[in-house]
Each structure stands twice: as C-alpha cells, then as structure tokens.
Amino acid sequence: MDCIGIIGYGHMGSMLVDGFLSSGVLGIDEVVVTSRSRESRDACAAAWPGIGIAGTNSELARRCRTIILAVRPQEVMEVLREIVPVMDGDEHIVSLAAGISLAELEGLFPGQVTRVIPTITSTVGQGTTLVCHGRQTGMQDASRVEGLFSSIGNVMLVGEEELPAATILSSCGPGLLAAIIEELADATARASGLTTDRALSLATETTAATAAYLRKTGEAPGDLVGRVATGGGVTEAGVKRLRERLPGVFDEAVAAMLERYGAVGK
Ligand SMILES: NC(=O)c1ccc[n+]([C@@H]2O[C@H](COP(=O)([O-])OP(=O)(O)OC[C@H]3O[C@@H](n4cnc5c(N)ncnc54)[C@H](O)[C@@H]3O)[C@@H](O)[C@H]2O)c1
C-alpha cells in the first residue's frame, strides 16, 4: 500500500496524525509514524491503536512513498541523509522545516520535493497551510499532498520567495497573536479589578469575534476602527497610542523573524 510516513511526532507530527485520521482523509492502515524517542512512538501507538509505527527512519522510508519530515530544521538534513540510501528515488519528500530551501533538500534528494508550512490552528480545522512544490514534483503527487492538507484547513500555493513573509503571517501568526491577546488582557487586568482569567476570556472572545466580523463583512480594518472609535471617545485614545508605537514594534519583530528565518537550521 502507498502509505504516508511521518518522521517526528512533536507538535506538528502529532497534529497531522490527529488531523488526517480524524478527518478521514487517511485510514489507520495508511499512516506510518516514527520519532526519535520511544516515548513518542508509544504515545502515538496508544492514541491511535492500529497505526503503523516504524522503529527507525530507514524502516519508515522503506514502507512509504510520501514521507513527511516533521523534525526541527536543524535535524532535517541529517534525517534526509539517513533515509536517502534506502529510497528508490520515486518517493515524495514533504518537508515542514521553516528556512530549509528546496535547493538544499534537492541537493540530497534530487526527486519529488515539496515544502509545506502548516499552522497550529489546523488543530481546530482553521488557518492556512502553505505549499510550495519543487520542480520535480508531478501533478498527481502534488494534488495528493494538497488534498491531505486541505482536510485540516485551507491550502495556499506559494512561490518559495513568498514563503518567509507568508510563514510569518500564517504559521508564526498564531504565536504572535496569542502574545498580543495575553498582553492586552494582562494590561487591562493590571489597571482594573478584573481578574486575569476573566480579562483573558474577554480578550480571546473579542479577537475571535473581530476576525469573524472582518472575514464576513470584508471591511478594511481601518474602517472597522472608525466604526468603533467614536470621535473623542475611549477607543480613539487607545488606538492613537497603538498607532504611535506599534509600527516600530512590528517592524522590529518582523525583522527579527526574517533574520532568524535565514539562519535557522544552518
Ligand atoms: N510548530 C509549528 O507551529 C510549526 C509550524 C510550521 C512548520 N513547523 C516546522 O515543523 C517542524 C517540526 O516542528 P515541531 O514544532 O513539531 O517540533 P517538535 O520539536 O515539537 O517536534 C520534532 C519531533 O522530531 C523528533 N525528532 C528529532 N530528531 C529526530 C530524528 N533524527 N529522527 C526522528 N525523529 C526526530 C523529536 O523527537 C520530536 O518528536 C519544524 O521543522 C518546524 O520548522 C512548525
């Protein structure tokens, strides 16, 4: 059988196993997983009885034609070097690693390669997975991978030159927004009698509601600000402070992420 293999059962590996199997896009006998630690492999086997567990990366590579590398960027090349000798050459390597280029991957495996950047929000079936196929990837394998990731959220095809910026928005984004929600809730709690828990609950709900509003109405964020910020009112005072400071803060954060993107895994 043409199995999907997943190497690495951390945050992404486990999310993909859960998503692919819960959505029904793959059956339990179509997935093989391995990870470095025995504990992770046991956890996967316990969570999904009947799933294929490989004892080594090479064993997984012998059993699967589509191989998803869900290890950290600094481990990707080592794993690829380990499995290439047992591969036939007609496999499809799917790397989740931010910052490792198609050229680097194709340097070790000159066959079908695709870069995929998932997002943790696929845990709840939301958000966008970025997909960037290598030149050797055929249409059939490309659409198989796109179909897999469509089962856990949206899929957007991107050029490799767009990946750094798209990764910041789509995949780092949940971490950035979670930090903003936390800061907003903490600042409000510090300045009032509201407990941190209640502040966090309100901030989270408001963020979800605001995203839903923008998505449904198609309104520009600036126009929404205008609807909420009554002239001379409360919101206006806060937005003014944010507009003074946030552009610089965000420029710094994006610059730091792009710098790290270029260095990660090297
Ligand atoms: N976390 C995210 O939101 C996110 C989003 C998009 C892309 N990514 C990318 O996905 C990849 C995985 O990220 P993560 O957050 O799941 O990392 P993680 O550290 O949670 O998981 C990595 C897993 O790989 C296993 N592993 C390490 N070396 C191994 C080896 N030699 N052989 C087999 N297994 C090995 C580890 O035991 C662990 O289970 C990274 O390349 C990252 O850039 C992550």
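As the structure is a computational prediction, the values presented were derived from the model and not from experiment.

**Q** Before we move on, can you summarise the confidence of the model for the protein chain with the specific residues and values?
**A** Put simply, the protein chain has an average pLDDT of 97, and 100% of its residues get 70 or more. For this predicted complex, the interface score ipTM comes out at 0.99, while the overall pTM is 0.96.

**Q** Go over the layout of surface pockets, please, and point to the residues and values.
**A** The gaps of empty space that remain are located by a probe, the size of a water molecule, rolled over the atoms. If you add up the space inside the largest pocket, you get close to 2500 Å³. Forming the walls of the largest pocket are 48 residues, and the residues nearest its centre are Leu177, Ile180, Thr207, Thr210 and Ala211. By residue number, the principal contributor to the lining of the largest pocket is helix 7 (residues 163-190), which donates 13 residues. Counted by class, the lining of the largest pocket contains 30 nonpolar, 15 polar and 3 charged residues. Within this model, the second largest pocket holds a volume of roughly 1000 Å³. Taken together, 38 residues line the second largest pocket, and the ones lying closest to its centre are Met12, Ala70, Val71, Arg72 and Pro73.

**Q** Could you give me a rundown of the site of the ligand, with the residues and numbers involved?
**A** Among the 22 residues in the neighbourhood of the ligand, the closest are listed as His11, Met12, Asn57, Val71 and Ser171. Residue Arg36 places a main-chain N or O atom 3.1 Å away from a nitrogen atom belonging to the ligand. Glu75 places a side-chain nitrogen or oxygen 3.4 Å from a nitrogen atom of the ligand. Contact with the protein chains hides 82% of the accessible area of the ligand, taken as 840 Å² for the molecule alone. If you map the ligand onto the pockets, it falls in the second largest pocket. Breaking the shell around the ligand down by element, the ones donating at least two residues are helix 1 (11-23) and helix 4 (73-83). Across the shell around the ligand, the residue classes tally to 12 nonpolar, 6 polar and 4 charged.

**Q** Explain the pattern of salt bridges residue by residue, including any values.
**A** For the structure shown, the criterion picks out 11 salt bridges. The residue Glu75 makes a salt bridge to Arg72 at a minimum N-O spacing of 2.9 Å. With relative accessibility at 13%, the residue Glu75 sits in the buried group. Overall, Arg72 belongs to the partly exposed group, its relative accessible area being 48%. The partner of Arg115 in a salt bridge is Glu160, with the nearest N and O atoms 2.8 Å apart. Of this pair, Arg115 sits in strand 6 (residues 112-117) while Glu160 sits in the loop between strand 8 (154-157) and helix 7, and the two are 45 residues apart along the sequence. Three or more residues are tied together by salt bridges with common partners; here these are Asp2, Arg65, Asp90, Asp141 and Arg144.

**Q** For the packing of aromatic side chains, give the residues involved together with the corresponding values.
**A** Note on aromatic pairs: each is described by the distance of the centres and the angle between the planes. Counted under the stated rule, the structure contains 1 aromatic pair. Summarising the aromatic geometry, the rings of Phe20 and Phe149 are spaced 5.4 Å apart at their centres and angled 85 degrees between planes, so their arrangement reads as edge-to-face. Placement of Phe20 in helix 1 and of Phe149 in helix 6 (residues 139-150) is noted, with a sequence separation of 129 residues between them.

**Q** Tell me what's going on with the pairing of strand 7 (residues 128-133), and back it up with residues and numbers.
**A** The pairing of strand 6 with strand 7 spans 4 bridges and is classified as antiparallel. Residue Arg115 lies in a different strand from strand 7, and its bridge partner there is Cys132. Relative to strand 8, strand 7 is paired through 4 bridges, and the arrangement is parallel. In the strand pairing of strand 8, Leu130 is matched with Met156. Handedness of the crossover is the feature at issue here: the chain leaves strand 7, passes through helix 6, returns alongside strand 8, and the resulting connection is right-handed.

**Q** Quick rundown of a nonpolar patch on the surface? Include the residues and the values.
**A** On the surface, Leu177, Ile180, Leu242, Leu246, Val249 and Phe250 cluster together to form a nonpolar patch covering roughly 500 Å² of accessible area. Residue assignment for the nonpolar patch shows that the elements contributing at least two residues are helix 7 and helix 10 (234-263). With 4 residues, helix 10 is the largest single contributor of residues to the nonpolar patch. Within the element layout of this structure, Leu177 appears in helix 7.

**Q** Explain the packing of helix 7 against helix 10 to me, using residue names and the numbers behind them.
**A** It is at 11 Å that the axes of helix 7 and helix 10 come closest, and there the two elements cross at 125 degrees. Taken together, the axes of helix 7 and helix 10 lie oblique to each other. Classified by chirality, the crossing of helix 10 by helix 7 is right-handed. Facing helix 7, whose interface residues are Leu163, Pro164, Thr167, Ile168, Cys172, Leu176 and Ile180, helix 10 presents Phe250, Val254, Met257, Leu258 and Tyr261. Looking at side-chain class alone, the contact of helix 7 with helix 10 contains 11 nonpolar, 1 polar and no charged residues.

Reading guide: rules and limits
Residues numbered from 1 in each chain as written. Predicted model: local features only at pLDDT ≥ 70, side-chain atom pairs only at ≥ 80, totals over all residues. Heavy atoms only, no water. pLDDT = per-residue confidence, 0-100. 1 Å grid on protein atoms, 1.4 Å probe; cavity = no way out; pocket = protein on both sides within 12 Å on 5 of 7 lines; lining within 4 Å. Points joined across faces, edges and corners; volume = space filled by probe spheres on them. Helix = DSSP H or I, 4+ residues; strand = E, 2+ residues; numbered from the N terminus. Nonpolar A, V, L, I, M, F, W, Y, C, P; charged D, E, K, R; others polar. Near = heavy atom within 4 Å. Polar contact = N/O pair within 3.5 Å; in protein donor to acceptor, adjacent residues only side chain to side chain. Areas by Shrake-Rupley, 256 points an atom, 1.4 Å probe, with all protein chains shown as cover. Sits in = over half its atoms within 2 Å of the grid points. Salt bridge = Lys/Arg side-chain N within 4 Å of Asp/Glu carboxyl O. Buried < 20%, exposed > 50% of the residue type's maximum accessible area, 1.4 Å probe, protein only. Phe/Tyr/Trp six-rings, centres within 6.5 Å; stacked < 30°, edge-to-face > 60°. Pairing = 2+ DSSP bridges. Right-handed = clockwise from strand over helix to strand, strands pointing away. Patch = residues over 30% accessible without salt bridge, like charges linked within 9 Å, V, L, I, M, F, W, Y side chains within 5 Å. Axes fitted to C-alpha atoms, helices over the stretch in contact; angles between N-to-C directions. Parallel < 35°, antiparallel > 145°, perpendicular 65-115°, else oblique. Left-handed = near helix turned anticlockwise from the far one by under 90°. Contact = heavy atoms within 4.5 Å.

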